[in-house]
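Residue-level structural notes
Listed here are the chains, written in short residue letters.
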Amino acid sequence: MVEKAREDKMALADQIAVRVREDSGSLGKLTALALFLDEPYGRKEEELNEAILSFGEGDRRDIHVLTDANSGRIYLYATPHVCAAYADSLLLAEGKNPPAMIAETVRRESSLYPRPTASPLFLLPPYGLGEEELASSLEKLKGCKDFEDIKSFEASTGVIYLYSERYLTLPHARGLAEWVEVEQFENQ
Amino acid sequence: MEQNERLKKAGHEEAQRAAEVLPGEKEGAGLLMRLASRRTFLTMGVATVAAGLTSTSLLNAFLAGPANAGKMPVIENAKGVLLAEPARCSGCRRCELACTEFNDGKSHPDIARVKVYRNYNFGPQGLRHGFYNAQGGKFGNMRIIQETCKQCPHPIPCADVCPRGAIEASPPTGARVINPEKCIGCKICTGACPWSMISYDPDTKKATKCFLCEGKPECVAACPNGALKFIDWVDLTKRTPPRSAVYRKAPDASCQACH
Amino acid sequence: MTTYGWSGKVLRVDLSTGRIWTEKTLEKYRDYLGATGIGYKVMWDEVPTGVGAFDPENRIIFGGGPLIGTGSPCGGRVAITSLLPTSLPELVGSGHMGGHWGSELKFAGWDAVIIQGKAAKPVWLSISDDAVEIKDARSLWGNGIYRATAEICAEMGPEAQVAAIGQAGERQVRMACIMTGNSHSAGGLGGVMGSKNLKAIGVRGTGSVKIAANKREWKRLVNYVLSLAGSNNQWVVPSTPQPWAEFHAPGSRWTARKGLYWGAANPPVETGTCDPRDLNSMGYRCQKAVFDLGPLAEQFTVRMDGCHSCPIRCHIQLSVPSAERYGVSRFAANTCIGWWGGRAIKKYPDGPRGMTFIEGTVVGKHMADDYGVWCNYGQINRDFQYAYESGILKKVLSEAEFKSIPFDLYEKGSPEFIKDFIRRIAFREGEFGFALGEGTARVAKRWGFGRDFYGFEWNMWNEKLGFPKHHSVENGGQVGALINTQYNRDAQCHSHINFYACGLPLGIQKRLAAEVFGSGDAIDAFRNYTPMNAFKAKFAKWSLLRKELHDSLPLCNWMFPWIASPLKERGYKGDTTIESQLYSAVTGDRKSEAELDLIAERIFNLHRALTIRGMKTKEMRKEHDLVPDWAYDHPRDAKPLSPGVDKMDREDMQRAFDLFYQECGWDRATGAPTGETLRRLGLASVAWELEKMGLMP
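Basis of the calculations
- Residues numbered from 1 in each chain as written.
- Chains lettered and ligands numbered in written order.
- Predicted model: local features only at pLDDT ≥ 70, side-chain atom pairs only at ≥ 80, totals over all residues.
- Helix = DSSP H or I, 4+ residues; strand = E, 2+ residues; numbered from the N terminus.
- Buried ≥ 20, exposed ≤ 12 C-beta atoms within 10 Å, placed from the backbone.
- Contact = placed C-beta atoms within 7 Å.
- Rg over C-alpha atoms; globule rule 2.2 N^0.38 Å.
- Nonpolar A, V, L, I, M, F, W, Y, C, P; charged D, E, K, R; others polar.
- Pairing = 2+ DSSP bridges.
- Axes fitted to C-alpha atoms, helices over the stretch in contact; angles between N-to-C directions.
- Left-handed = near helix turned anticlockwise from the far one by under 90°.
- pLDDT = per-residue confidence, 0-100.

**Focus: the overall build of chain B**
The helix and strand tally for chain B stands at ten helices and nine strands. Within chain B, buried positions represent 50% of all 259 residues. For chain B, the proportion of contacts with a sequence separation of at least 24, taken over those separated by at least 6, is 70%.

**A short note on the overall build of chain A**
Check the secondary structure of chain A and you find six helices and six strands. Reading chain A from its N end, one meets helices and strands in the order α-β-α-β-β-α-α-β-α-β-β-α. A compact globule built from 188 residues would reach a C-alpha radius of gyration of about 16 Å, whereas chain A, at 21 Å, exceeds it by more than 25%. Burial analysis of chain A (188 residues in total) assigns 37% to the buried set. Long-range pairs, those at least 24 residues apart, make up 54% of the contacts in chain A between residues at least 6 apart in sequence.

**Observations concerning the interface of chain C and chain B**
Listed as interface residues are 45 residues of chain C and, on the opposing side, 36 residues of chain B. Mapped by element, the contributors of at least two residues to the side of chain C that touches chain B are α4 (145-156), β13 (209-210), α7 (215-227), β16 (301-305) and β18 (331-334) of chain C. Its residues assigned to classes, the side of chain C that touches chain B shows 21 nonpolar, 17 polar and seven charged. Bridging between strand β2 (residues 106-107) of chain B and β13(C) involves two bridges; their strand directions are antiparallel. When the sheet's bridge partners are listed, B:Ser107 is paired in β13(C) with C:Val209.

**Some words on the sheet that holds strand β17 (residues 315-319) of chain C**
Strand pairing in a sheet relies on backbone hydrogen bonds. The paired strands run either parallel or antiparallel. Residues and elements named next belong to chain C. Spatially, β16-β17-β18 is the arrangement adopted by the three strands of the open sheet, whose pairing is antiparallel. The sheet is open, and its two edges are formed by β16 and β18, each paired on a single side. Averaged over neighbouring strand pairs, the angle between their axes works out to 15 degrees when direction is ignored. Where β16 and β17 come together, four bridges link them in antiparallel fashion. If you follow Thr301 over to β17, its bridge partner there is Leu318.

**What about the packing of helix α2 (residues 35-46) of chain C against helix α22 (residues 593-615) of chain C?**
Residues and elements named next belong to chain C. Viewed as axis vectors pointing N to C, α2 and α22 meet at an angle of 35 degrees, and their least axial separation amounts to 9 Å. Between α2 and α22 lies a crossing whose hand is left-handed. The segment α2 lies against α22, with Thr36, Gly37, Tyr40, Lys41, Met43 and Trp44 engaging Ile603, Leu606, His607, Ala609 and Leu610. Partitioning the contact of α2 with α22 into residue classes produces seven nonpolar, three polar and one charged.

**As for unusual backbone geometry**
Omega for the bond connecting A:Pro125 with A:Pro126 falls within 30 degrees of zero, at 5 degrees, which places this linkage in the cis form. With an omega of -5 degrees, the peptide bond between B:His154 and B:Pro155 qualifies as cis. By the secondary structure assignment, B:Pro155 is in the loop between β4 (147-148) and α7 (157-161). Of note in this structure, C:Ser309 is not a glycine but carries a positive phi near 80 degrees. As for its position among the elements, C:Ser309 is in the loop between β16 and β17.

**Here we look at the arrangement of the chains**
A comparison of contact numbers over the two pairs of chains in contact places chains B and C at the top. At the C-alpha level, the nearest point of chain A lies 17 Å from chain B, with no contact between them.

**What to know about the confidence of the model for chain B**
All names here are of chain B. Looking at chain B as a whole, its pLDDT mean stands at 77, while 68% of the residues score no less than 70. In this model residues 1-70 is a low-confidence stretch, pLDDT under 50, and it forms 101 contacts with partners more than four residues away in sequence or in other chains. The ipTM for the predicted assembly is 0.96, set against a pTM of 0.92.

**Thoughts on the sheet that holds strand β5 (residues 150-154) of chain A**
All names here are of chain A. An order of β4-β6-β5 is seen for the three strands of this open sheet, with the pairing classed as antiparallel. Bordering the open sheet on either side are β4 (117-118) and β5, each of which pairs with just one other strand. Of the pairings in the sheet, the one linking β5 to strand β6 (residues 160-164) comprises five bridges and is antiparallel in character. Bridged to Glu154 within β6 is Ile160.

**Notes on the interface of chain A and chain C**
On the side of chain C, 23 residues touch chain A, which itself brings 28 residues to the contact. Counting only elements with at least two residues in the side of chain A that touches chain C, the list comes to α3 (84-94) and α6 (170-181) of chain A. Top element by residues in the side of chain A that touches chain C is α6(A). It accounts for seven residues.

And the structure:
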C-alpha cells in the first residue's frame, strides 16, 4: 500500500515534469502549478505541494519552482530550455503590472550591462505588451514615485529609450542608444 | 596494375553490351530500377541473406544457379538513409569535412560520401547559359543541393557491377558498404552509380562510398543547420534525377530465376 | 613523408618569362606560418624600395595557411598581400577574402601562390592539382567578374573556384578588388593583378589535407571549438531575449529568434531560438539580412552563406525580384561593407531601410562585384558625397562632364544612379571616374578637399595614407585608436571588437579580461572611457598579434579570438588557446599559445619594418601612427573621456603610445622596433638591413 502511494506520487511529479519541460522547451513559458488542479490532471493541492518537493534534484533537477511574491502563485520551469534570468522576466510578465515590469527590467539593464533599454523591447517575448499597453505603461511610469529613478529620452531615430539614473547618466545613455540605433550600422 | 586495366576494360565493354541489350530503356534513365538489371552475387553467408527473403522458392533459385554458388545478391532494403533538405543548406561543407576527417583522418571533399562541393557554384546541372538567374548554386538561384547515397534497393547498381562482389550490405544499418579487403580499386562502381556517389580514394587506392558511419552519420552530427537527417529507409531513387549515364550489365540466368 | 596541414608546396609564377616553379613551404616559410606571414616575407626579401604597386617587380601573394581546407571552424580565409595601390606612398598591405578558393588551392596541393612579372598579353592562371598553366585571357579581358568566372568554370569544371578581377582591375583603377564566389572580395589589390595582365586564377583541387591528430582527438577538439562559438564577430548573446539566454544585447549579430525566417527559402526556414548547446542550429544564429538591411529584408532572404568550413554564416543571399527593373539579377549575395554600393545614395525616398534602399543595395552589389570596384571601407561614397555637397565637383569637372552625371537621380534616391556612378569608376570615365578610382588620398589632393573633410562626419582616420576608421575609438577608446594607427589601409583588426562587443555585462567582461590581460582595467564600459593604462596597451598589442596570427593560420579574425563564449556553465569564458590547439592538432607541430604569439609578433614586426622601409623613415610616431583631430575634438561640447562619447584626450593618447610602444619593444620616440626586439623575434637580418638604410631608432 505504502509503495503504491509512493508510485502515484512519483508518477505525478513525473507527469508535471513532462509538461514543464514541454512548455519550457517548445514555448519558452512558465507552467502554473495550478494548471494541474484542472482536468485532465485533476489533482488536489496537497498532492501538488508534495510533488514539487522532489523538483530540483535527482532525475528532476532540471525542474525549478518560482513563487510570485505578490500573488503567491507557484510556477515551474525547466532548464536549460528556460534559464533563471528569463524565468524571472516571465514571472514579472505574469505579475500583470507592466509599469513595475518595465522599471524592474530597466534597472537591471542599466546596472548590469550597463545600457539604456529601448522601449520596443517590451513588445517582445517574454514581456509581450501590446503597442497601446506599452504607451500607457510608459505614461504611468512617469508619475509614479516608486519609479522616479526611471527616465526616458528619444533617440535620433525616434525610438524611446529608458534608463535608471541610479546607474546611468543621460549623456552615457544617449551615447549608447545612438550607437545601437545608428552608428553600429556605419561601423561594420 | 595490368589486371586493373583489364578489369576496367572489361567493365567498359560490359557497359556497352548492356546498352545494346536494353536500348529502349535509355529513355527511362530517371528510373533507376529499370537501368540496372544484372546481379553480381555477393559472397555473403546464406543465412544473412535468407533472413531477408520471404519466399523459399526465391531462395532456392539463388542456391540453384551453378555459377552463383555461394554468392547472393542483396535483396533486403537498408534500414536507414540520409535525407538532405536543400532549403536549409548554407554551403559550409562541414558535412564533407566531418565525413572524411572523422572517418579517414584527412580533409578530402573529393572522396566525401556527401557531396556539396560540386553543386556549390552552379547546382547539379552544372554550368548552363543564364546561370545567374535560373539554375541552382551560389551563382544561380542560390539553392544548394547536398547529395547523399540512396542506399539503393535491389538491384543495387554499384554492387551489381562490382567484379569482386565487394559491395555488401553491412549491419547494423544495412548500408551498402565497400569491403576494402575485396575492392581492387577498378573504379567500375564509380561509373555505375546514377548519382555519382562513389569516389576513388587515391591514398588507399580503393573505392569508397557512404556506409552510414555504423548508424551514427558524422555528416548529420556536423551540419550546423540540421539540413541532413538520418531517417528510416525510404526509396529515394525514384525521386532523384540521375546525375550521369551509368554502366550496367545485362541480366544473366540468375535474374531469370526470379523475374 | 606526409606533410600535415600544409601541403608543403608554394607555387611561383613569373608572368614576364612564363616560368612556373615550386618552393618548399616548410623549408622557406615555416617561421611565418602562411598567408600574410609568407606575404610579408616575400615582400621584404624580393620587393625593394622604389618598386611601385603596378610595377612588374611587385609581387602579389595569395594564400591560406596550415589550417585552411581543414575542419578548423572559420578557417576558410585567404589573405592577399602586395603593395597597396591606394596608400600614399604605396605601402605593404593585405586584402582578405573567404569563400572556397583558398581551400580549393590547398586541395590542389598548394599553400600559397606568388605572382611576379607582367604577361605580354592578358592571361589567366589555371591550377588543376599539379597542372599549372598560364592561359590566354584575351577573350575574357573586358568582361566582368561574373562572366570571367563562368567561362573559367566552363573550362575547368563547375567545381572550380575562381579569383578574378573586373574591368576596374584591368584598368588599374586603384580602388579595385579581387572577387571570388560572387560575394567575397579582397579589397584594394585588383589593380595589381590588372597591372600584371592577370585576369584570374582558377583552381581545382582533388587532393586532401592530412590531419596529424588521430581522428578521435581531432573530432573532440573540433566539437570543443564549436561549442564556444558565438555569432558573427563572436557576439555570445542573442539580440533579443531568448528563453535559454541569461543576457541579450540589442546590437548583437545573433539575431535568430522564433518567428524570424529565411523568408525566401523554399519552404521558408525559421531561424528559431538557437540554444548554443545545439550545434545543429549554429548556422541560423546570424540572420544577417535583417541586421544589415533592416526588417524588410527578412522576406527576401533565401539563406545565409559564408566561407568553407565556417559554421557561422554571415553572407546574406537575397532574392529581390523588384530589383530586376534596374536590369540586374534578383539574386544578390554579400555582407557588411560589401553592400557599400547601395550607400552611394545618401537619402532614399522611402527612408534609410526601405524598399528602395534594398533595391539599391542589390544594384550596388552587382555593379561593384562584377566590375570589381573596391570601396575603401565605404569611403568611396563619402569621397563622392563630400565633393558633391561641398560644391567641389562643380569646380573640378568640365561643365559637360558635370551635366552628364545624373545628379537628379542621386537627389531622387534612384538606384539607377548607382549604376552610373560605379560604371564611371570601373571604366575610369572622365575626370570623375578617374579621380574617385584613385582612392581617397589622391582624390582629396587632386580635387583640393578642405579641412572639413577630415572632420568626424566623413570618417577619415589617416589623411596621409588615405584610409577611414575601422573599429577605432568607437570600439574600445585608446585600444581601438592604437589599432587603427598600425596599418596602411583601414585596420582590418577585429580581435578587440570580438570581445569588446560580445554582449556580456561589463562585470563579466572585466573578469574575463583580468584572466587574459592581468586586470579588468584592460576594458572599459562601452562609451565611458577611463584614462590609458598598461593593460589596455597589452590588449591592443595582443589584438594586433592575433590578427596577424589569424590571417596566417588562417582563422577568421571576424570571429576569433574568443575571450568569451556563450556558455554560462563556463562563466562565459572562451579559450585563447584554441589557435594553438588547432595548429598543433592539424600540423603535429606542438606549439603553445605563447609560441604562436611569438610567431605572430614576428609577422607583425615584419609588417612594421616593411612600412618603415617603404616610407623611408623611422619616424613612425610622427609620420605614420596618426590619430585624427576629430578623435580628440568630437563632439565639441563634451569633455574628453566623459560618459557617452568616444572623445579621447591628447595627452592621454600620447601616454597610450608610450605604453603601447613599450609593450611592443619599440623605441618610444620613433615608434620603430629596436634592434633587440627584432633579434628577439628572429629578424636579425631585417634589423641589419634597416640599420644599413639608417632606419633603426
